[in-house]
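Descriptive structure summary
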Amino acid sequence: MALKLTVGALTLPQLRGIARGMDKIAFAAGWQKPVQAAARAVAKAAAGDETIYGLNTGFGLLAQTNIPHDQLQELQVRLVRSHAAGTGPALDDGAVRLILALKANSLARGYSGVRPEVVTLLLEMLNRGVHPVIPAKGSAGASGDLAPLAALSAVMIGEGKARVGNRVLSGKTALKRTGLTPLTLQPKEGLALLNGTQVSTALALTGLFAAEDAFQAAVVAGALSIDAAKGSDTPFDPRIHAIRGQEGQIEIARVYKDLIAGSEIRDSHVDCDRVQDPYSLRCQPQVMGACLDQLRHAAEILRREANAVSDNPLVFAGTGDLLSGGNFHAEPVALAADVLALVIAETGALSERRVALLIDPQMSGLPAFLVAEPGINSGFMIAQVTAASLASENKSMAHPASVDSLPTSANQEDHVSMATFAGRRLTEMADNTAGIVAIELLAAAQGVEFHKPLKTSKPLAKAIAVVRDHAKSYGRDRAFTPEIDTLKAAIAAGRFNALPGAGLLPSLGASGTG
């Protein structure tokens, strides 16, 4: 059974499912009619003598060059070939699935002038596992994601390369083996396929989903660290947060309180002489709540863009108008991705500080480096160094991509968004933060277990059980790398998303419905 999607109304949970490869997709009935109307408007315009950009002209600075009627189809083919100029490693299948879905969704809105066959081929490629080999680098995110979308479009006309299963085939062979037929491009169809923000948006969405998984695990890890360090739950009193009025802070404080509630460890030191905890424990609602607010804002921008029409010119079939504009400029995506980069970096930075706190006996009250017999054992000493290294990398990568602009196409495209890189770096950043959080989960679980026979709360006991599925307690030194990596994979797989807090995240809760 295919997941039925409403054109122009894709939700974040649906997009997460597509990116994670869980669903075949189909559009709800009725999408063909507006698509056919726009295609007829383009065919009528192509048969006339009016000069229309991209229909019977060259592209970019060459827009002043008129193209004869008998070369209009060839114009579209040459456009695809000339723009296939990307470089670098190929995008992974999850990102490619999203790109295919987003491009189909945009064209199916009926403002691009392509025939229904174009949309159908995009859907069938996704559903039959034909993943165009799309080089990751080469788009400035301005006149659409031209180079990467050209790599996709090349497969649709039987050129380029595609992955089918574990094999890389020629585009022609990939289509033939899956029972599909290459397109013969009609006027404007090549341009409609190449224009658009779908690659930038897909990459930013991929980063969003990874950021959500790391964020949720970081909230759980932070609560574990509070119990491990015998921190107070007073900072999560809802009265504190209500009078500030920041929504994310209020909601996240409630999550921390729910995670810790019922902990025997907490009850054991209610009357201790510690006045206040360090900020990395006490100010988690303020930091993570602010991150949640920004994450939600970025997610909403990306949800809108996933449903947008962003090629050029646009076809308004009701009046027959073909209007040139600039919806292909990916500035909304670039800014949203830059915000997500800050969220990811801050989530990891705060987690790293808690790891540093836990291994310091003066700060945590726990054995040095969280291991019995420190000296002969080094414990978590170098694991914290790894966390610090990852946090530092993220600080560098969090520099806004959107503030950079290099003019392209002989200064016709004199301001660009750099959205494609802005989105692409998010996956690596989220992986770094997942690594930091994995280290914190290992450290905090170890710290909590030093307090036996006292028990932690039921939700945090479940979190420790997940950790112990991947790593036993540390009695003596052993290699950390395998266990950090497997716990990172558990974070990416959403193993902590069943615990309190996940429902606040856009693609995991009701807020992702749009």
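Now for a look at the structure at hand. (Residues numbered from 1 in each chain as written. Predicted model: local features only at pLDDT ≥ 70, side-chain atom pairs only at ≥ 80, totals over all residues. Heavy atoms only, no water.)

**As for the overall build of the protein chain**
What counts here: Each helix is a run of DSSP H or I of at least 4 residues and each strand a run of E of at least 2, with the numbering of both proceeding from the N terminus. In this treatment the radius of gyration is a C-alpha quantity, and the globule benchmark scales as 2.2 Å times the residue count to the 0.38 power. Relative accessibility thresholds used throughout: buried, under 20% of the residue-type maximum; exposed, over 50%; partly exposed, between the two (1.4 Å probe, protein chains only). Contacts were defined at the residue level, with two residues in contact if any of their heavy atoms lie within 4.5 Å.
Helix and strand counts for the protein chain come out as 20 helices and nine strands. Its C-alpha atoms give the protein chain a radius of gyration of 26 Å, near enough to 24 Å, the size a compact globule of 514 residues would have. Dimensions of the protein chain along its principal axes, counting C-alpha atoms only, are 85 × 50 × 45 Å. When burial is assessed residue by residue, the protein chain has 57% of its 514 residues classed as buried. Across the protein chain, contacts joining residues at least 24 apart in sequence account for 78% of those joining residues at least 6 apart.

**Observations regarding empty space enclosed by the protein**
Note the threshold: Points on a 1 Å grid, built from protein atoms alone, make a cavity when a 1.4 Å probe fits but cannot get out and make a pocket when they are open with protein on both sides within 12 Å along at least 5 of 7 lines; residues with an atom within 4 Å of a point are the lining residues. Grid points are joined across faces, edges and corners, and a volume is the space filled by probe spheres set on the points. Only Asp, Glu, Lys and Arg are considered charged, only Ala, Val, Leu, Ile, Met, Phe, Trp, Tyr, Cys and Pro nonpolar, and every remaining residue, Gly among them, polar.
This structure, assessed with the given rule, holds one cavity of 30 Å³ or more. Within this model, the largest cavity holds a volume of roughly 30 Å³. Lining of the largest cavity is provided by A211, A214, F215, V343, I344, T347 and T433. Only helix 9 (198-228) and helix 15 (331-359) provide two or more residues apiece to the lining of the largest cavity. For the lining of the largest cavity, the class distribution of residues is five nonpolar, two polar and no charged.

**Focus: the pattern of salt bridges**
Going by this rule: Whenever Lys or Arg places a side-chain nitrogen within 4 Å of a carboxyl oxygen from Asp or Glu, that contact is recorded as a salt bridge.
Within this structure, the stated rule accounts for 23 salt bridges. The shortest N-O distance in the salt bridge between R296 and E251 comes to 2.6 Å. One end of the pair, R296, is in helix 14 (residues 284-306); the other, E251, is in helix 11 (residues 247-260), with 45 residues separating them in the sequence. Put simply, E300 and R303 hold a salt bridge, and the shortest N to O gap is 2.8 Å. Taken together, the residues span about one helical turn, with E300 and R303 both in helix 14 at a distance of three residues. E300 sits in the partly exposed class, given a relative accessible area of 24%. Connected via shared salt-bridge partners are R16, R20, E212 and D213.

**Points about the packing of helix 18 (residues 419-449) against helix 19 (residues 458-470)**
Let me state the cut-off plainly: Each axis is a line fitted through C-alpha atoms, and for a helix only the stretch in contact is used; angles between axes span 0 to 180 degrees, taken between their N-to-C directions. Oblique is the label for any angle not covered by the other classes, which are roughly parallel (under 35 degrees), roughly antiparallel (over 145) and roughly perpendicular (65 to 115). In this scheme the crossing of two helices becomes right-handed for a clockwise turn of the near helix relative to the far one and left-handed for an anticlockwise turn of less than a right angle.
Two elements in contact, helix 18 and helix 19, have axes separated by 10 Å at closest approach and are oriented at 115 degrees. One way to sum up the angle between helix 18 and helix 19 is to call them roughly perpendicular. Two packed elements cross with a definite hand, and for helix 18 against helix 19 that hand is left-handed. Where helix 18 approaches helix 19, its residues L441, L442, A445, Q446, V448 and E449 are matched on the opposing element by I464, V467 and R468.

**Overview of the layout of surface pockets**
In this structure, the largest pocket spans a volume of roughly 540 Å³. Along the walls of the largest pocket sit 29 residues, with G60, S143, L146, S409 and E413 positioned nearest its centre. Secondary structure elements with two or more residues in the lining of the largest pocket: helix 3 (72-83), helix 6 (146-156) and helix 8 (189-194). When residues in the lining of the largest pocket are grouped by element, the largest group, three residues, is from helix 3. In terms of residue class, the lining of the largest pocket is made up of 13 nonpolar, 15 polar and one charged. The volume enclosed by the second largest pocket comes to roughly 330 Å³. Lining of the second largest pocket is provided by 18 residues; of these, R20, T206, A210, T427 and A492 occupy positions nearest its centre. Secondary-structure elements contributing two or more residues to the lining of the second largest pocket are helix 4 (93-107), helix 9, helix 18 and helix 20 (481-492). Looking at the lining of the second largest pocket, the element that brings in the most residues is helix 9, giving five residues. Among the residues forming the lining of the second largest pocket, the class breakdown is 10 nonpolar, three polar and five charged.

**Observations regarding the side chain of H241**
Worth spelling out the cut-off: Throughout this description, a polar contact denotes any pair of N or O atoms lying within 3.5 Å of each other; where both atoms belong to protein, one of them has to be capable of donating a hydrogen while the other can accept it, and for residues adjacent in sequence the pair is counted only when both atoms sit in side chains.
Within the element layout of this structure, H241 appears in helix 10 (residues 238-242). Within the local environment of H241, its side chain forms a polar contact with the backbone oxygen of P235, the two atoms lying 2.8 Å apart. Not counting residues up to four positions away in its chain, the partners in contact with H241 are P235, F236, Q246, Q249, I250, A253, P285 and Q286.

**What about unusual backbone geometry?**
The omega torsion of the bond from N312 to P313 falls at -5 degrees, within 30 degrees of zero and hence cis. Mapped onto the elements of the fold, P313 is located in the loop between helix 14 and strand 8 (314-316). Looking along the chain, the bond that leaves K452 and enters P453 is cis, with omega of 15 degrees. Mapped onto the secondary structure, P453 falls in the loop between helix 18 and helix 19. Backbone geometry places K188, a non-glycine residue, at a positive phi of 80 degrees. With respect to the helices and strands, K188 occurs in the loop between helix 7 (171-177) and helix 8. One non-glycine residue, L370, lies in the positive phi region at around 60 degrees. Mapped onto the fold, L370 is located in the loop between helix 16 (361-364) and helix 17 (381-397). Judged by its relative accessible area of 0%, L370 falls in the buried class.

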